[in-house]
Amino acid sequence: MTPPHPDTAPPGAPAAPAAAHAPVLVCGEVRTCLLPNRDAVDERTAEEVLRLRADERVRVSRRPNRHAVSPDVLTGVDCRLPAAGGAKVRAVGTVTARAALVGGRVLQSTAHFAAPADGPDRRRPWGYYLVRPGVLVPVGKLPARAVATGFLAGQQPDELDVGSVAESLLARISRQHRLLDHDAPLTTTDTSLRWAALPATDGTDQAPRFTVGDDGRRQVELRLPPGIPPAAVAALCEDLALHDWLLTTVGDKLDGLRLGSGDGRAALKTLRPLVDHLLHLWMPRARTDRALDTLWHALEEAPGFSRQWAALSQRIRDQLAVQLLTRSEALTPS
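Bear in mind the structure is a predicted one, so any value in this text is a computation, not a measurement. (Residues numbered from 1 in each chain as written. Predicted model: local features only at pLDDT ≥ 70, side-chain atom pairs only at ≥ 80, totals over all residues. Heavy atoms only, no water.)

### Observations regarding the packing of helix 5 (residues 230-255) against helix 7 (residues 293-301)
Where helix 5 contacts helix 7, the two axes come as close as 11 Å, and the packing angle between them is 25°. The orientation of helix 5 with respect to helix 7, classified from their angle, is roughly parallel. When you trace helix 5 past helix 7, the crossing you get is right-handed. Between helix 5, through L236, D239, L240 and H243, and helix 7, the contact on the second element is made entirely by L295, W296 and L299. A breakdown of the residues in the contact of helix 5 with helix 7 according to their chemical character gives 5 nonpolar, 1 polar and 1 charged. (Axes fitted to C-alpha atoms, helices over the stretch in contact; angles between N-to-C directions. Helix = DSSP H or I, 4+ residues; strand = E, 2+ residues; numbered from the N terminus. Parallel < 35°, antiparallel > 145°, perpendicular 65-115°, else oblique. Left-handed = near helix turned anticlockwise from the far one by under 90°. Contact = heavy atoms within 4.5 Å. Nonpolar A, V, L, I, M, F, W, Y, C, P; charged D, E, K, R; others polar.)

### Observations regarding the environment of V30
Checked against the element boundaries, V30 lands in strand 1 (residues 25-34). In this structure V30 comes out as buried when scored by relative accessible area, which is 0%. As for V30 and W195, which are separated by 165 residues in sequence, their C-alpha atoms are 8.4 Å apart. With residues near it in sequence (within four places) discarded, V30 still touches Q108, S109, T110, T191, S192, L193, W195, C237, E238 and A241. (Buried < 20%, exposed > 50% of the residue type's maximum accessible area, 1.4 Å probe, protein only.)

### Description of the confidence of the model for the chain
Residue-level pLDDT values for the chain average 87, and 87% of them are 70 or greater. Per-residue pLDDT stays below 50 along residues 1-20; that stretch engages in 40 contacts with residues further than four places along the chain or on separate chains. (pLDDT = per-residue confidence, 0-100.)

### Re the packing of aromatic side chains
Within a pair of aromatic rings, the relevant descriptors are the distance that separates the centres and the angle that separates the planes. Scanning all chains against the criterion turns up 6 aromatic pairs. The interplanar angle of 80° and the centroid separation of 5.6 Å between the aromatic rings of F210 and F305 together place this pair among those described as edge-to-face. Taken as a pair, F210 in strand 9 (residues 209-212) and F305 in helix 8 (residues 305-331) lie far apart in primary sequence, 95 residues in all. Note on accessibility: F210 and F305 belong to one class, buried. An aromatic cluster is defined as three or more aromatic residues linked by ring pairs; in this entry it consists of W126, Y128 and Y129. Taking the ring centre of Y128 as reference, the NZ or CZ of R124 above it sits at 5.0 Å. Between the NZ or CZ atom of R194 and the centre of the ring of F151, over which it lies, the distance is 5.6 Å. (Phe/Tyr/Trp six-rings, centres within 6.5 Å; stacked < 30°, edge-to-face > 60°. Lys NZ or Arg CZ within 6 Å of the ring centre and 35° of its normal.)

### Points about helix 4 (residues 162-174)
With 13 residues, helix 4 extends 18 Å between its outermost C-alpha atoms, agreeing within 8% with the 18 Å of an ideal straight helix rising 1.5 Å per residue. Inspection of helix 4 places V162, G163, V165, A166, L169, L170, A171, I173 and S174 among the buried residues, and these make up the whole buried set. Residues of helix 4 that are buried make contact with strand 1, helix 1 (43-49), strand 5 (89-102), strand 6 (106-115) and helix 3 (144-153). The opening residue of helix 4, the one whose side-chain oxygen lies 3.1 Å from the backbone nitrogen of G163, is D161. (Expected span 1.5 Å × (residues − 1). Polar contact = N/O pair within 3.5 Å; in protein donor to acceptor, adjacent residues only side chain to side chain.)

### Considerations on the pattern of salt bridges
For the structure shown, the criterion picks out 22 salt bridges. The salt bridge involving R53 is made with E56; its shortest N-O contact spans 3.2 Å. The class of R53 is buried, set by a relative accessible area of 17%. On the basis of relative accessible area, E56 is assigned to the partly exposed category, the value being 36%. With a shortest N-O distance of 2.8 Å, R145 and E221 are connected by a salt bridge. Here the residue R145 occupies a position in helix 3, and E221 occupies one in strand 10 (residues 218-224), the gap between them amounting to 76 residues. By relative accessible area, R145 is classed as partly exposed at 35%. Among the charged side chains, a network of salt bridges with common partners joins E29, R31, E167, R194 and R217. (Salt bridge = Lys/Arg side-chain N within 4 Å of Asp/Glu carboxyl O.)

See below:
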């Protein structure tokens, strides 16, 4: 990826004019981690942590759980896009990035862009692109299928890397903010979900394809019904990334749990933070566009996110019950 252009879309940039062509490709990456703080932060602190721009407020919702979203931040880029088959595609425009805090406990950062089927044959002045926030306009035709495949496979050093944009935003919040004590109640692994979405067409498999690579990177390819805005696609992928992170975190903790040894204090030390900080956050589709429900339903069929979560949650409850029963028997006089 070439370095971002020094011109960053200014706050309050004018709205984009009506596009001649709807986006034929939406791509992005979501980074998910545990907020580095001993306790879940309250609403006021969440707003302060996510206040990335002085001219726009943090959006907060309280139902069905607390969820705070930062203002969008736009970064100008002029570089090649990853593309399969050796295609060379130059694009110019802005990448949208934002951060979200779920339940005052889980921090996410997302960077994404949309791209039309074609653009001018020559690069235009920056003003042409700044009025199209979150859009990368190709120079010439866009081979959408090749770019989607190349994006999911990973970029070369001289190609666009939206993951670095998301990671930079995550670092800006999690490592530098003065309101965080950097004393997390449990150790977790950060996850990365890279996604690409193309329009659904007749005769194509419209089920999402979710995979986990050997390096742990998550990938999902989506086929979208018409009229879905890029922000709604990003929200769906944030929701997917959140619940995949919860599954991964809880599953890893239970896989490493040693049971039946000593007085069970080690097991309780592992189980209690999961109950206190994570179990209540499982709420799929709490804020996703209802037009995308079918995609979530497909994920519930394979790999079956909620079935996996139900099994893990029940295992935690069973282990807590066993530990309590064991301690009660130990305290009962013989």
